[in-house]
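Below are the chains, spelled out letter by letter.
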Amino acid sequence: MADTTSSTEFSTILGPDVVFKGELSFEKGLKLQGRLEGKINTAGKLHVSKEAKLSADVDAGSITVEGDVKGNLNASDRIELKATARYEGDLRTSKLVVD
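Residues numbered from 1 in each chain as written. Predicted model: local features only at pLDDT ≥ 70, side-chain atom pairs only at ≥ 80, totals over all residues. Heavy atoms only, no water.

Enquirer: Would you mind showing me how to read the overall build of the protein chain here?
Expert: Counting secondary structure elements, the protein chain contains 0 helices and 10 strands. Element order for the protein chain, N to C, with α for helix and β for strand: β-β-β-β-β-β-β-β-β-β. Here the C-alpha radius of gyration of the protein chain, 12 Å, is about what a compact globule of 99 residues would show, namely 13 Å. Each principal axis of the C-alpha atoms in the protein chain carries an extent, and together these give about 30 × 30 × 25 Å. Counting only residues that meet the buried cut, the protein chain has 40% of its 99 residues in that class. Residue pairs in contact within the protein chain that sit at least 24 positions apart in sequence constitute 4% of those at least 6 positions apart. Just so you have it, the protein chain exposes about 5800 Å², and 47% of that area is on carbon and sulfur atoms. Taken together, the 14 basic and 16 acidic charged side chains of the protein chain have centroids lying 1 Å from each other. (Helix = DSSP H or I, 4+ residues; strand = E, 2+ residues; numbered from the N terminus. Rg over C-alpha atoms; globule rule 2.2 N^0.38 Å. Buried < 20%, exposed > 50% of the residue type's maximum accessible area, 1.4 Å probe, protein only. Contact = heavy atoms within 4.5 Å. Areas by Shrake-Rupley, 256 points an atom, 1.4 Å probe, with all protein chains shown as cover. Lys, Arg positive; Asp, Glu negative; His and termini not counted. Charge placed at Lys NZ, Arg CZ, Asp CG, Glu CD.)

Enquirer: In this structure, what is going on with the nonpolar core? I would like to understand it.
Expert: A general tendency of soluble globular proteins is for nonpolar side chains to be buried together. Counting 21 residues, the largest nonpolar core has L36, I40, L46, L54, V58 and I63 as the members making the most contacts within it. Breaking this core down by element, the ones donating at least two residues are β2 (19–26), β3 (29–32), β4 (35–42), β5 (45–48), β6 (53–65) and β8 (73–81). (Core = buried A, V, L, I, M, F, W, Y, C linked by side-chain atoms within 4.5 Å.)

Enquirer: How should the pattern of salt bridges be read in this particular structure?
Expert: If the charged atoms of two oppositely charged side chains come close together, the side chains can form a pair. Going through the model one piece at a time under the given rule, you end up with 6 salt bridges. K53 serves as the salt-bridge partner of D68, at 2.8 Å between the closest nitrogen and oxygen. Of the two residues, D68 sits in strand β7 (residues 68–70) while K53 sits in strand β6, which places them 15 residues apart along the sequence. K53 sits in the partly exposed class, given a relative accessible area of 44%. Notably, a salt bridge pairs D77 with K95, separated by 3.6 Å at the nearest N-O pair. Note that D77 is positioned in strand β8 and K95 in strand β10 (residues 91–98), a separation of 18 residues in sequence. Here D77 falls in the partly exposed class, since its relative accessible area comes to 33%. What makes K95 partly exposed here is its relative accessible area of 46%. By sharing partners, the salt bridges in this structure join R78, E80, K82 and D99 into a single network. (Salt bridge = Lys/Arg side-chain N within 4 Å of Asp/Glu carboxyl O.)

The structure is reproduced here in structure tokens:
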């Protein structure tokens, strides 16, 4: 299956070899391909790729999940759970899309 997300849509990419622990904030977009544990705060977009593992509470503008996520997700715009997503936690959003 082809990756439908444009790399220009995300100004920051944490690659598959990255392991990050802590609090992360950013303005525009982040594509997570590695592992992240902690907290994320952004008005922008978060994309959790199929190979990624996220264990965090997230406040974002929009969130797309293809990989493993444990934690509470809060999006002001929308949360999209793809067919490959594995999610454990609470969701809060105005729009929920499930593939």
